Structures are given as structure tokens and as C-alpha cells.
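Next come the chains, spelled out residue by residue.
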Amino acid sequence: MPEYTLFHTDGCHLCELAQALVKEAGLEVHRQDIIDSPEWVAAYGERIPVLRHSSGRELGWPFDALTLTQFTDDQTS
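Residues numbered from 1 in each chain as written. Predicted model: local features only at pLDDT ≥ 70, side-chain atom pairs only at ≥ 80, totals over all residues. Heavy atoms only, no water.

Caption draft 1: Quick look at the sheet that holds strand 4 (residues 58–60). The four strands are arranged 2-1-3-4 in an open sheet whose pairing can be described as mixed. Here the strands that pair on one side only, and so sit at the sheet edges, are strand 2 (29–33) and strand 4. Each strand of the sheet is rotated relative to its neighbour by a mean of 20°, with strand direction disregarded. Taken together, the three bridges between strand 3 (residues 50–53) and strand 4 define a ladder with antiparallel strand orientation. For Val50, the partnering residue across the bridge sits in strand 4 and is Gly60. (Pairing = 2+ DSSP bridges. Helix = DSSP H or I, 4+ residues; strand = E, 2+ residues; numbered from the N terminus. Axes fitted to C-alpha atoms, helices over the stretch in contact; angles between N-to-C directions.)

Caption draft 2: The arrangement of the state of the cysteines in detail. In the structure shown here, the tally under the stated rule is one disulfide. Note on cysteine connectivity: Cys12 is disulfide-linked to Cys15, with sulfurs 2.5 Å apart. In this structure, the disulfide formed by Cys12 and Cys15 twists by about 75° around the S-S bond and is classed as right-handed. Under the relative-accessibility criterion, Cys15 is labelled buried at 3%. (Disulfide = S-S within 2.5 Å. Buried < 20%, exposed > 50% of the residue type's maximum accessible area, 1.4 Å probe, protein only.)

Caption draft 3: Spatial organisation of the side chain of Gln32. Among the structural elements, Gln32 can be located in strand 2. The buried category is assigned to Gln32, whose relative accessible area is 14%. A distance of 3.3 Å separates the side chain of Gln32 from the side chain of Asp36, its partner in a polar contact. If we skip the residues at most four places from it in the chain, Gln32 touches Thr5, Leu6, Phe7, His8 and Trp40. (Polar contact = N/O pair within 3.5 Å; in protein donor to acceptor, adjacent residues only side chain to side chain. Contact = heavy atoms within 4.5 Å.)

Caption draft 4: How the structure looks around the nonpolar core. Core analysis: the biggest nonpolar cluster contains twelve residues, these being Tyr4, Leu6, Ala18, Leu21, Val22, Leu27, Val29, Leu51, Leu59, Phe63, Leu68 and Phe71. Put simply, the parts of the chain that give this core at least two residues each are strand 1 (4–8), helix 1 (13–24) and helix 3 (65–76). The element best represented in this core is helix 1, accounting for three residues. Once you skip the residues sitting within four places of it in the chain, Leu59 turns out to touch Pro49, Val50, Leu51, Thr67, Leu68 and Phe71. Residues Cys12, Ile34, Tyr44 and Val50 belong to the second largest nonpolar core, which totals seven residues. (Core = buried A, V, L, I, M, F, W, Y, C linked by side-chain atoms within 4.5 Å.)

Caption draft 5: Summary view of the packing of aromatic side chains. The final tally for this structure, using the stated rule, is four aromatic pairs. With a centroid separation of 6.2 Å and an interplanar angle of 55°, the aromatic rings of Tyr4 and Phe71 are classed as tilted. Separated by 67 residues along the polypeptide, Tyr4 in strand 1 and Phe71 in helix 3 bring together distant segments of the chain. Owing to a relative accessible area of 4%, Phe71 belongs among the buried residues under this scheme. Plain terms: the ring middles of Phe7 and Tyr44 are 4.2 Å apart, the flat faces sit at 15° to each other, and that makes the pair stacked. Of this pair, Phe7 sits in strand 1 while Tyr44 sits in helix 2 (residues 38–44), and the two are 37 residues apart along the sequence. Given the relative accessible area of 5%, Phe7 is considered buried. Take Tyr44: its relative accessible area is 7%, and that puts it in the buried class. Taken together through their ring pairs, the aromatic side chains of Phe7, Trp40 and Tyr44 make up a single cluster. (Phe/Tyr/Trp six-rings, centres within 6.5 Å; stacked < 30°, edge-to-face > 60°.)

Printed below as a string of C-alpha cells:
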């Protein structure tokens, strides 16, 4: 399983932008639709898209390619 989870929901244009950035960065992520869990809706409903590392650190929107790279680099150092 990938180290990263992208919390999103269908029809979210910001989530689509985040997914494109993640893909462009070559980052393997597990996509998780928040609609699958009431807890995720409560936690992320107002904040998606959110990229979460397995350590628990999160990168919330808005982010760009540079911010995404810094976030992923922080996880490896």
C-alpha cells in the first residue's frame, strides 16, 4: 500500500487539480473518497483535497508542485 492517501470526493474540481499534481510528481497514492466514511466526511469535508502521509502528517489544499515536493521530501529526511 502506498505511503500516501489522497482524500477526495467525486465532482470536486480542486481534488482533480490535486490528483493531477500528484500524478505529475510521480507520487503513488491511495485515493480515498471521503463519502465512504462518516468520520472522513466530518474530518475532511470542508478541507478536501488533503494528502496524508502514513505518519499522520497532512498537506491540505491549496498546494502546488513545489509545496508537494517539499512535503514529500520532509517525509524522507
